[in-house]
Amino acid sequence: MRVWLPLGAGLLILAALLVMAAVPDLLTPYDPLGFDYEALLAEPSPAHLFGTDQFGRDILSRTIAASRIDLQIAVFAMVGPLLIGSVIGLLVGWFGGWADALFGRLADIVVTFPFLVLVIAIVAVLGPGLINMYIAVACVGWVVYAKLMRGEVRVQRSADYVAAGQVLGFSTGRVLLRHVLPNAVRPVLVYAVTDMALAILLGSSLGYLGLGAQPPEAEWGVLIADGKNFFTTAPWISLAPGVAIVLAGLGFSLTGDGLQALLDVKR
Amino acid sequence: MNKGTWLLGRLAQIVPSFVFIGIVVFVLARLLPGDPVSAVLGDHATDATVARITAQLGLDRSIPVQLLHFLGGVVQGEFGTSIAYRIPVSRLILERLPATLILTGLSMAIALALAVPLAFIAALKANRWPDLLIRGVFQVGLSTPIFYVGLLLLTVLAAWAHLFPVGGYGEGWGEHLWHLFLPALTLALSFAAVLMRSLRGAVLDVINAEFVDFARAKGLRARLVLGRHVLRNALIATVSLVGLQVGSLLGGAVITESVFAVPGVGRLMVESIFARDYPVIQALTLVLAVFVSLALLATDIVQMWLDPRVGK
Amino acid sequence: MSLVVRDLRVVFDTPKGPVWAVDGVDLEVAPGAVLGLVGESGSGKSVTLRAIARLLHANATVSGEVLWEDEDVLAMPPDRLRRLRGAEIGIVFQEPMAALNPVLTIGLQIDESLEAHTELDTKGRRARALELLDLVGIAAGGARLGQYPHEFSGGMRQRAMIAIALASSPKLLLADDPTTALDVTIQDQILRLLLRLKAELGMGLVLVTHDLGVVAQTCERVAVMYAGRVCEAGPVASVFASPRHAYTQALLRAMPGEGARAGAKLVPIPGQAPRLDRPAQGCAFQPRCTVSESACETRRPSMETDGDRRFACYAEARL
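What comes next concerns the included structure.

Thresholds applied
Residues numbered from 1 in each chain as written. Chains lettered and ligands numbered in written order. Predicted model: local features only at pLDDT ≥ 70, side-chain atom pairs only at ≥ 80, totals over all residues. Heavy atoms only, no water. Helix = DSSP H or I, 4+ residues; strand = E, 2+ residues; numbered from the N terminus. Buried < 20%, exposed > 50% of the residue type's maximum accessible area, 1.4 Å probe, protein only. Contact = heavy atoms within 4.5 Å. Areas by Shrake-Rupley, 256 points an atom, 1.4 Å probe, with all protein chains shown as cover. Lys, Arg positive; Asp, Glu negative; His and termini not counted. Charge placed at Lys NZ, Arg CZ, Asp CG, Glu CD. Pairing = 2+ DSSP bridges. Axes fitted to C-alpha atoms, helices over the stretch in contact; angles between N-to-C directions. Patch = residues over 30% accessible without salt bridge, like charges linked within 9 Å, V, L, I, M, F, W, Y side chains within 5 Å. Salt bridge = Lys/Arg side-chain N within 4 Å of Asp/Glu carboxyl O. Core = buried A, V, L, I, M, F, W, Y, C linked by side-chain atoms within 4.5 Å. Buried area = accessible area lost by both parts, 1.4 Å probe. Polar contact = N/O pair within 3.5 Å; in protein donor to acceptor, adjacent residues only side chain to side chain. Nonpolar A, V, L, I, M, F, W, Y, C, P; charged D, E, K, R; others polar. Expected span 1.5 Å × (residues − 1). Bend = angle between axes of the 7 residues up to and from the residue.

1. Overview of the overall build of chain A
Okay, step 1: Of regular secondary structure, chain A possesses 10 helices and 0 strands.
Okay, step 2: Moving toward the C terminus, one meets the helices and strands of chain A in the order α-α-α-α-α-α-α-α-α-α.
Okay, step 3: Dimensions of chain A, computed from C-alpha atoms along their principal axes, come out at roughly 75 × 45 × 25 Å.
Okay, step 4: Put simply, chain A has 267 residues, and 54% of those count as buried.
Okay, step 5: Taking contacts inside chain A between residues at least 6 apart in sequence as the whole, the part at least 24 apart equals 73%.
Okay, step 6: On chain A, roughly 11,800 Å² of surface is accessible, and the fraction owed to carbon and sulfur atoms is 69%.
Okay, step 7: Positive and negative side-chain charges of chain A, numbering 15 and 18 respectively, have mean locations separated by a distance of 17 Å.

2. Brief notes about the environment of Val-230 of chain C
Residue and element names in this part refer to chain C.
Okay, step 1: Structurally, Val-230 can be placed in strand β10 (residues 229-235).
Okay, step 2: By relative accessible area, Val-230 is classed as buried at 6%.
Okay, step 3: For the pair Val-230 and Gly-24, spaced 206 residues apart in sequence, the C-alpha separation works out to 8.0 Å.
Okay, step 4: Those residues within four positions of Val-230 in sequence are excluded, and the remaining contacts are Val-25, Asp-26, Leu-27, Ala-223, Val-224, Met-225 and Met-303.

3. Side note on the sheet that holds strand β2 (residues 17-29) of chain C
Residue and element names in this part refer to chain C.
Okay, step 1: Taken in spatial order, the 4 strands line up as β2-β1-β4-β5 in an open sheet, and their pairing is antiparallel. Of all the strands in the sheet, the pair left with one neighbour each is β2 and β5 (71-72).
Okay, step 2: Pairing analysis gives 8 bridges linking strand β1 (residues 3-14) to strand β4 (residues 60-68), with the strands arranged antiparallel. Paired with Val-11 across the bridge in β4 is Thr-61.
Okay, step 3: Against the sheet, helix α1 (residues 45-52) contacts β1, β2 and β4, and its axis sits at roughly 110° relative to β1.

4. Details of a nonpolar patch on the surface
Okay, step 1: Together, Val-75, Phe-76, Val-79, Leu-83 and Ile-84 of chain A make up an exposed nonpolar region whose accessible area comes to about 390 Å².
Okay, step 2: When you line up the elements, Val-75 of chain A lands in helix α3 (residues 59-95).

5. Some points on the nonpolar core
Buried together is how nonpolar side chains tend to be arranged in soluble globular proteins.
Okay, step 1: With 150 residues, the main nonpolar core has Ile-120 and Phe-252 of chain A together with Phe-147 of chain B as its most contacted residues.
Okay, step 2: The biggest single contributor to this core is helix α8 (residues 172-209) of chain A, with 17 residues.
Okay, step 3: Every residue in contact with Phe-252 of chain A, bar those within four places of it in the chain, is listed here: Leu-14, Leu-17, Leu-71, Ala-74, Val-193, Thr-194, Met-196, Ala-197 and Ile-200 of chain A.
Okay, step 4: Grouped together as the second largest cluster of nonpolar side chains are 101 residues, Phe-12, Leu-100, Leu-182 and Met-225 of chain C included.

6. Focus: the interface of chain C and chain B
Okay, step 1: Each partner contributes residues to the interface: chain C has 29 residues there, and chain B has 23 residues.
Okay, step 2: Interface area, chain C with chain B, both sides summed: about 2,400 Å², of which 56% is carbon and sulfur.
Okay, step 3: Taken together, chain C and chain B are joined by 4 salt bridges.
Okay, step 4: Taking the shortest distance from any N to any O, the salt bridge between Arg-50 of chain C and Glu-210 of chain B comes out at 2.9 Å.
Okay, step 5: Our count for the contact surface shared by chain C and chain B stands at 14 residue pairs in polar contact (both at pLDDT 80 or more).
Okay, step 6: The set of elements that each furnish at least two residues to the side of chain C that touches chain B consists of α2 (78-88), α3 (96-99), α4 (106-117) and α7 (154-165) of chain C.
Okay, step 7: Taken together, the residues that form the side of chain C that touches chain B break down as 15 nonpolar, 7 polar and 7 charged.

7. What about the environment of Met-303 of chain C?
Okay, step 1: For Met-303 of chain C, the position within the fold is in the loop between α12 (294-298) and β11 (304-306).
Okay, step 2: Other than its neighbours up to four places away in sequence, Met-303 of chain C contacts Val-230, Arg-310, Phe-311 and Ala-312 of chain C.

8. Some remarks on helix α8 (residues 172-207) of chain B
Okay, step 1: Compared with an ideal rise of 1.5 Å per residue, which puts 36 residues at 52 Å, α8 of chain B spans 45 Å between its outermost C-alpha atoms and falls more than 12% short.
Okay, step 2: At Phe-181 of chain B, α8 of chain B shows its largest kink, close to 45°, and the proline Pro-183 of chain B lies no more than four residues downstream.

9. Some points on the interface of chain B and chain A
Okay, step 1: Contact with chain B, which involves 46 residues of that partner, is made by 39 residues of chain A.
Okay, step 2: For the pair chain B and chain A, the summed buried surface comes to about 3,500 Å²; carbon and sulfur atoms form 78% of the total.
Okay, step 3: A per-residue breakdown of the area chain B buries against chain A is headed by Ser-143, Phe-147 and Tyr-148 of chain B, which together make up 16% of the total.
Okay, step 4: Our count for the chain B to chain A interface comes out at 1 salt bridge.
Okay, step 5: A salt bridge links Arg-197 of chain B to Asp-257 of chain A; its shortest N-O distance comes to 2.8 Å.

10. Description of the side chain of Ser-272 of chain B
Okay, step 1: Within the element layout of this structure, Ser-272 of chain B appears in helix α11 (residues 265-274).
Okay, step 2: Those residues within four positions of Ser-272 of chain B in sequence are excluded, and the remaining contacts are Asp-277, Val-280 and Ile-281 of chain B.

As structure tokens, then:
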């Protein structure tokens, strides 16, 4: 019960998010890009549940339409670091030696860079935009995954079945891929779910600053930035996208925490 | 090994970190689009001038020599000239740094003031309603982006209730603190959430320890048992987290300074990206990374002071 | 009697259901007397000790009576309980490394106890702390006060913990297996120290141990515990000479003998420790007992008294 309630809530939110991202057209009450000069900055009402923006666009529709980009951010900003970090962690954890020592030093030094500042600096070099943001996140974020994977691999390495596999004469590659990886990957995947919550926050923050998704790409952070000049007079502009970010973040973090408790994964 | 040698070893570790930070920033600068010489001269320079400037910037030398030259300059506080402001980058950063330092320091104080008592309440009432409420609120807080928290506080407390200024920095210390309170609170909430979570876990780990039972067995007051025996041991685990979080705090400062129009280095960083003011971006990345290394060093020293077993 | 325990029961609430750790224990300690509380691990001896000082955590439900000089300990308000602990009853734990706070100096850990229970000023407390270290046999006390537990050896740590427990001259010392964590030679030193302190300070002592040898060496009376109950109690000499509970007898046979019993064959106790989450209907020791009869399985033997001996065993006459 203590595990299932948050996990169930998290999964429910994620399911809703997936449906929104899969078939936004079926859910949006209005055309998300349709201007309506009769209803500029309209307050929330039965017609426009979350009001309209300065061009009369329906906020709810825009928020639903934007879910696709934010879900994409959650996945892509996680996948790069996950793949790079896992491969590096697997290799240094298994082979140890100088590569492992070098990795240790490197990891120590990367944590001294403020994550967001380094991502911003890399985006500055590459130019604003989603693709460049993914590259920047991958450059910095792999370290966490590599550390996790390395730790798990070192535990697995000393396990009996690994020794048994070596006695049976299996190749290193086979032992690594068929035996070590499946056992070591669980905590890494659980972390990846939590990491998607962080990715949504990072993506929307960069979008808000103008460094992530670029208008007219509809992204929640960008939507909020769009309405920021009307924040005191028409605060509803930012309400729906803001709530969407919080819910999506909660969805991923509750699911991640729930899975961690359910699978009894130690961090 | 005693504490002195331990500290010396720790200080020695920081030197390669600094060098590495310098190398990363140098490489980032080399990856920049466009040719630095034409950035300085524009497109209409003669070949002779280009050659002279290239030599002046040291670009005709080999990459390792350029790197050494760059690192040498950094050691002397020489970061070049800002393209947008046309003043030395070091001066620009020194002007903007105090606001950021006050902001992060104030938010750290607010976060500690929030997290420590709440973590204790949550741990002592573990899995009962005060704990569930505190954790629930912080879970939502952790899922709310900093800029959105900032916008909410700005709208409600500053624009509508007029309790605080809408932004800016003011003149003199009193006004600085006054203007920076809301941004600091914004920044503190997410930091407090992380801190609370860790400290609650640490208190739960410690509260059932034998030495806490022994302290109770000595007939000490509950306040002394909690404040001396539990808190001190729980803090040791949390202090290293504070160090690791300084980076996120500075990242958050970039966002809050933008939301609240605080003239600090975080806002300068975002402005410089749009102004393509590369020397400033380069210098700021370096300064902030060095700042985090120093913060990590500081937390290590605090940890050494809290935990007599360190360095033994 | 200075300490009387009547029908003490402790139930732990665990995720897997209730555990009856202490199930109706009666004990008596006269002023200045030494009682040994002996049993295997899990027999409830340490829990009994902690329940007496009300040191158990929220997951434990304690019932019964603990009378300290005719005052009900289980009903004491917090202020009175604080004065009882430390000032009247001192407690020594099993693992000095775990029981001493790793981040506070030994000096502070002695000082805070003195600060709580005496009127001494800073200087007076320091003098008393030095006196205590001297009393427990820690030399160069002045330098030792500023040191941390990890800078002490195992035996020295246990001495320091005893010094802390004695800080405000308690009338009774509860010692929870204080020698298990130590080397054999150090064990002996600590026991001798406890006996010497008991004699010098005139305090009572409850010594929890799993080691019958320790009981023989130090105690006047003994209570043998099994599965949360006292199965036999009485003066050490007569209990050891003629046990009147099958478990006591089995314990004695499993112990390397001294004197008359030296060279006797050691007989280990068969079977496993009893399950406290599913109390037996009959005698808890029955499954492992070599002299049990049919009644042992169905009905719990009641405690019988014969002079200064108490025992709860159907097979008593056949032992």
